[in-house]
Amino acid sequence: QVQLVESGGGLVQAGGSLRLSCAASGRSFLNMGWFRQAPGKEREFVGSISGIGGYAYYADSVKGRFTISRDNDKNTVHLQMNSLKAEDTAAYYCAVGLAFGSRRESDFGSWGPGTQVTVSS
């Protein structure tokens, strides 16, 4: 059974940067995804990275500002967030991707508890 734990959230000013991490235990070389959920909104796809090769794809809303990377030696995935905007404020979750290339929440599982990111304008 895979367990995921996110870290790195916090309060940052608009235009600033944060780096989130997702540590996985139980299995390695998994496809991993990041989602976020703002208050009163549905959870939305942010980006995903393949278990082998490190291929990443992103939601249009974060493309060019967010970068996903992974450290397979530490079984950890990172979400580098630059040029943050107030609308990036949300709880961020990582999850295991069951089908690489998908953006659907239903194609991800083993969700972490999430980490809060708040961007002040």
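Residues numbered from 1 in each chain as written. Predicted model: local features only at pLDDT ≥ 70, side-chain atom pairs only at ≥ 80, totals over all residues. Heavy atoms only, no water.

Draft legend 1. How the structure looks around unusual backbone geometry. With phi around 50°, Asn-75 is a residue other than glycine that occupies positive phi space. Take Asn-75: it is sitting in the loop between strand E7 (66-71) and strand E8 (76-81). Look at Ser-83: it is not a glycine, yet its phi comes out positive at around 50°. Mapped onto the elements, Ser-83 comes out in the loop between E8 and strand E9 (90-97). (Helix = DSSP H or I, 4+ residues; strand = E, 2+ residues; numbered from the N terminus.)

Draft legend 2. Just the pairing of strand E4 (residues 32-37), in detail. Within E4, 5 of the 6 residues are buried, leaving the element largely enclosed by the surrounding structure. Direction of pairing for E4 relative to strand E5 (residues 44-49): antiparallel, over a ladder of 5 bridges. Residue pairing across strands places Phe-35 opposite Phe-45, the latter belonging to E5. The turn linking E4 back onto E5 is made up of 6 residues, and Gly-40 within it adopts a positive phi angle of 80°. Here E4 pairs with E9 via 6 bridges, running antiparallel. Directly across from Met-32, in E9, lies its bridge partner Val-96. (Buried < 20%, exposed > 50% of the residue type's maximum accessible area, 1.4 Å probe, protein only. Pairing = 2+ DSSP bridges.)

Draft legend 3. Representation of the state of the cysteines. Within this structure, the stated rule accounts for 1 disulfide. Put simply, Cys-22 and Cys-94 are joined by a disulfide, and their sulfur atoms are 2.0 Å apart. Residues Cys-22 and Cys-94 share a disulfide whose torsion about the S-S bond is about 65°; that sign makes it right-handed. Remark: Cys-94 occurs in strand E9 and Cys-22 occurs in strand E3 (residues 18-25); sequence separation between them is 72 residues. On the accessibility criterion, Cys-22 (1% relative accessible area) is buried. (Disulfide = S-S within 2.5 Å.)

Draft legend 4. Examining the sheet that holds E3 more closely. On the basis of which strands lie adjacent, the open sheet formed by 4 strands has the order E1-E3-E8-E7 and antiparallel pairing. Of all strands in the sheet, those bounded by a partner on one side alone are strand E1 (3-7) and E7. Averaged over all pairs of adjacent strands, the angle between strand axes in this sheet comes to 15°, irrespective of strand direction. The sheet contact formed by E1 and E3 spans 5 bridges and is antiparallel. (Axes fitted to C-alpha atoms, helices over the stretch in contact; angles between N-to-C directions.)

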